[in-house]
Amino acid sequence: MKIAMIGTGYVGLVSGVCLSDFGHEVVCVDKNPDKIGMLERGEVPIFEPGLDMLMERNVAAGRLSFTGDLAQAVEGAGAVFIAVGTPTRRGDGHADLSYVYAAAEEVAGCLSGHTVIVTKSTVPVGTNRKVEEIVREANPALDFDVASNPEFLREGAAIDDFMRPDRVVVGVESERAKEVMGEIYRPLFLRDFPIVYTGLETAEMIKYAANAFLATKITFINEIAALCERVGADVKAVSRGMGLDNRIGNKFLHAGPGYGGSCFPKDTNALARIGQDHSVPLQITETVIKVNEEIKRRMVEKLQDMCGGSFNGKTICVLGVTFKPNTDDMREAPSLTIVPAMIGGGATVRVVDPQGRREGEALLPGVNWETDPYAAARDADAVVILTEWNEFRALDLTRMASVMGTPRLADLRNIYTREDALDAGFAEYVAVGR
Ligand code: NAD
């Protein structure tokens, strides 16, 4: 089947590449000419492990191509996926649907034969019906269906998540659309990955409910971590003790500096707004949003305390600024709160991140970018681990402590232990919830 993928961001590009690997003919389209230029040259505009090789293989096989020309991309397509951004709308916390609606209108003008228009972007309940309306109005003669197919991939593990999903959720209202979606995901169905067919509203809701639940789980353990610090408990052992209970599970139960990223902050905000709009305030989600902000602030205080009460005049080496490892995505990363607070307080900040610099340079003005953790730690007053990249999991702590001015380690991802740090010569070790 020919498939058009609108939007070549983290979701659109991975989905397009993986669908071509299933054997479909996929044309990816983006309105950003720089991205299309890179993709046409065989360059991947984002960092996602394994994506470059999979892309190369499918381009070489003639199943995958890129264009800026929407009409060409959708011509003859059995399905057109909309995978554009749905960021938080300025001012009110709602999801900004303008990119989705604009894409729907543009698509409508280019289609002729029967097509399923599939929303892959994360969108509030009711959006697919609005997409249907927009397309019908723009092209009344068009024979089409809409489908909601929210995406659950995680950046950093996106290909595996797409190829081996826990489930695929498909919201459809006609047998014809169901058949088309079934054909697209047939390779997964044949390998027994569950496909959950629902109505449009339910599919839209599943995505927000899942993300809000995961954000709640992370925030819950972060709050427990704060209490652990006061009462002398170890949150790592608490997580393990909780997570071994199958009803709870060990995923998303690691205490840290607060959740960030391209999804949880905007999706919890959007869900809270949907609840308010329907007079069903989602008190748990609203509280999670507030507590997560507090956790990030608490991290700043923790670091300031470690630096003797003030950042002024201190040199701080930050390891990791992306919102999690194995991605270059900086959206809503805790570093965007913590690093400016240190600089604002008068610190000199050196940053090492394996992939974060390209995005991070504009977002973190005033930091000094370094490539080697030991060089960055030279004469510093503190090392702060903000993102648990593999590169930072097996540091030579003795070497690091020996080059620092004042050897202090803030391990906000709980990678090391107090004994590791003190034995290596650190004078101070601060973690989360221990
Ligand atoms: P992104 O910002 O990385 O990419 C969006 C792309 O769409 C951009 O390249 C942009 O130029 C392009 N675009 C916008 N309007 C266009 C149009 N009319 N025609 C062609 N291209 C257009 O976004 P993302 O992170 O890939 O997220 C996309 C959607 O998927 C969002 O709704 C997000 O919530 C959801 N989602 C994201 C993730 C994730 O981990 N990033 C996971 C699951 C779901």
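This one's a predicted model, so the numbers in the text were calculated from it and none came from an experiment.

## Here's the deal with the domain arrangement of the protein
Then step 1. Segmenting the protein into domains produces domain 1 (2–198), domain 2 (208–290) and domain 3 (295–430).
Then step 2. Here the C-alpha centre of domain 3 lies 38 Å away from the C-alpha centre of domain 1.
Then step 3. With 9 residues of domain 1 at the interface, the matching set in domain 3 holds 10 residues.
Then step 4. Sorting the residues of domain 1 by area buried against domain 3 places Tyr10, Phe47 and Glu155 first, and these three jointly supply 74% of that buried surface.
Then step 5. There are 1 salt bridge connecting domain 1 and domain 3.
Then step 6. A salt bridge links Arg331 to Glu155, with the nearest nitrogen and oxygen atoms 3.8 Å apart.
Then step 7. Between the two partners, domain 1 and domain 3, sit 5 residue pairs in polar contact (both at pLDDT 80 or more).
Then step 8. Of the residues in the side of domain 1 that touches domain 3, the class split is 6 nonpolar, 1 polar and 2 charged.

## Focus: the nonpolar core
Then step 1. One finds Leu19, Phe81, Met181, Ile184 and Tyr185 to be the most contacted residues of the largest nonpolar core, which totals 42 residues.
Then step 2. The greatest single-element share of this core, amounting to 6 residues, is contributed by helix H1 (residues 10–21).
Then step 3. Beyond its immediate chain neighbours, meaning those up to four positions away, Leu19 contacts Ile3, Met5, His24, Val26, Phe81, Phe162, Ile184 and Tyr185.
Then step 4. Listed in part, the 34 residues of the second largest apolar core include Ile295, Val300, Val349 and Val351.

## Comments concerning the sheet that holds strand S10 (residues 348–352)
Then step 1. Here we have 6 strands laid out as an open sheet, ordered S11-S10-S9-S12-S13-S14, and parallel in their pairing. Because the sheet does not close on itself, it has two edges, and the strands there are strand S11 (368–370) and strand S14 (428–430). Shown here is a sheet whose adjacent strand axes are inclined to one another by a mean of 20°, direction ignored.
Then step 2. Of the pairings in the sheet, the one linking S10 to S11 comprises 3 bridges and is parallel in character. The partner of Arg350 across the bridge, within S11, is Asn368.
Then step 3. Its contacts with the sheet place helix H13 (residues 283–306) against strand S12 (382–385), strand S13 (408–411) and S14, and it is angled at close to 165° to S13.

## Some words on the pattern of salt bridges
Then step 1. One pass over the structure, following the stated rule, counts 23 salt bridges.
Then step 2. Ionic pairing is found between Glu361 and Arg357, a salt bridge with its closest N-O pair at 2.8 Å. Taken together, the residues Glu361 and Arg357, both in helix H15 (residues 357–363) and 4 residues apart, mark about one turn of the helix.
Then step 3. Note on Arg357: relative accessible area 41%, which makes it partly exposed.
Then step 4. The network of salt bridges with common partners includes Arg129, Glu173 and Glu201.

## Section: H13
What sets the pattern is the α-helix's 3.6 residues per turn: residues three or four places apart point alike.
Then step 1. Under the 1.5 Å per step criterion, the end-to-end length of H13 is 34 Å for 24 residues, consistent within 8% with the ideal 34 Å.
Then step 2. Taken residue by residue, H13 has Thr285, Val288, Ile289, Val291, Asn292, Ile295, Lys296, Met299, Val300, Lys302, Leu303 and Met306 as its buried positions.
Then step 3. Of the surrounding secondary structure, the elements contacted by the buried residues of H13 are helix H10 (200–231), helix H12 (264–277), helix H14 (335–344), S12, S13 and S14.
Then step 4. In the stretch just after H13, Gly308 is the one whose phi turns positive, near 80°.

## Points about the site of the ligand
Then step 1. With respect to spatial proximity, 25 residues lie near the ligand, and among them Asp30, Lys35, Thr86, Glu155 and Lys266 are the closest.
Then step 2. Between the ligand and the protein, one listed contact pairs an oxygen atom with a side-chain N or O atom of Thr86 at 2.5 Å.
Then step 3. A distance of 2.9 Å separates an oxygen atom of the ligand from a polar backbone atom of Thr122.
Then step 4. Protein coverage of the free-state accessible area of the ligand, which is 830 Å², stands at 91%.
Then step 5. Those elements giving two or more residues to the shell around the ligand turn out to be H1 and helix H5 (98–110).
Then step 6. Grouping the amino acids of the shell around the ligand by side-chain chemistry returns 8 nonpolar, 8 polar and 9 charged.
Then step 7. A domain split of the shell around the ligand shows at least three residues from each of domain 1 (2–198) and domain 2 (208–290).

## Concerning the pairing of strand S2 (residues 25–29)
Then step 1. Burial of S2 is extensive: 4 of the 5 residues sit out of reach of the surface.
Then step 2. Relative to S2, strand S1 (residues 2–6) is paired through 5 bridges, and the arrangement is parallel. Paired with Ala4 across the strands is Val27, a residue of S2.
Then step 3. Taken together, S1, H1 and S2 form a β-α-β motif whose crossover is right-handed.
Then step 4. Sheet topology note: the S2/strand S3 (residues 64–67) ladder contains 4 bridges and is parallel. Of the residues in S3, the one forming a bridge with Cys28 is Phe66.

## Focus: the packing of aromatic side chains
Then step 1. Here the structure, examined in full by the defined rule, presents 5 aromatic pairs.
Then step 2. Measuring from ring centre to ring centre gives 6.4 Å for Phe162 and Tyr185, while their planes differ by 40°; the resulting arrangement is tilted. On the criterion of sequence distance, the pair formed by Phe162 in helix H7 (residues 158–163) and Tyr185 in the loop between helix H8 (175–184) and helix H9 (186–190) is long-range, its members being 23 residues apart. Residues Phe162 and Tyr185 agree in their burial class; the two are buried.
Then step 3. Through pairs of rings, three or more aromatic residues link up here, namely Phe22, Phe162 and Tyr185.
Then step 4. Of note, Arg399 hangs over the ring of Tyr374, and the distance from its end group to the ring centre comes to 3.9 Å.

Reading the values: rules and limits
- Residues numbered from 1 in each chain as written.
- Predicted model: local features only at pLDDT ≥ 70, side-chain atom pairs only at ≥ 80, totals over all residues.
- Heavy atoms only, no water.
- Domains from an automatic or database assignment.
- Contact = heavy atoms within 4.5 Å.
- Buried area = accessible area lost by both parts, 1.4 Å probe.
- Salt bridge = Lys/Arg side-chain N within 4 Å of Asp/Glu carboxyl O.
- Polar contact = N/O pair within 3.5 Å; in protein donor to acceptor, adjacent residues only side chain to side chain.
- Nonpolar A, V, L, I, M, F, W, Y, C, P; charged D, E, K, R; others polar.
- Core = buried A, V, L, I, M, F, W, Y, C linked by side-chain atoms within 4.5 Å.
- Buried < 20%, exposed > 50% of the residue type's maximum accessible area, 1.4 Å probe, protein only.
- Helix = DSSP H or I, 4+ residues; strand = E, 2+ residues; numbered from the N terminus.
- Pairing = 2+ DSSP bridges.
- Axes fitted to C-alpha atoms, helices over the stretch in contact; angles between N-to-C directions.
- Expected span 1.5 Å × (residues − 1).
- Near = heavy atom within 4 Å.
- Areas by Shrake-Rupley, 256 points an atom, 1.4 Å probe, with all protein chains shown as cover.
- Right-handed = clockwise from strand over helix to strand, strands pointing away.
- Phe/Tyr/Trp six-rings, centres within 6.5 Å; stacked < 30°, edge-to-face > 60°.
- Lys NZ or Arg CZ within 6 Å of the ring centre and 35° of its normal.

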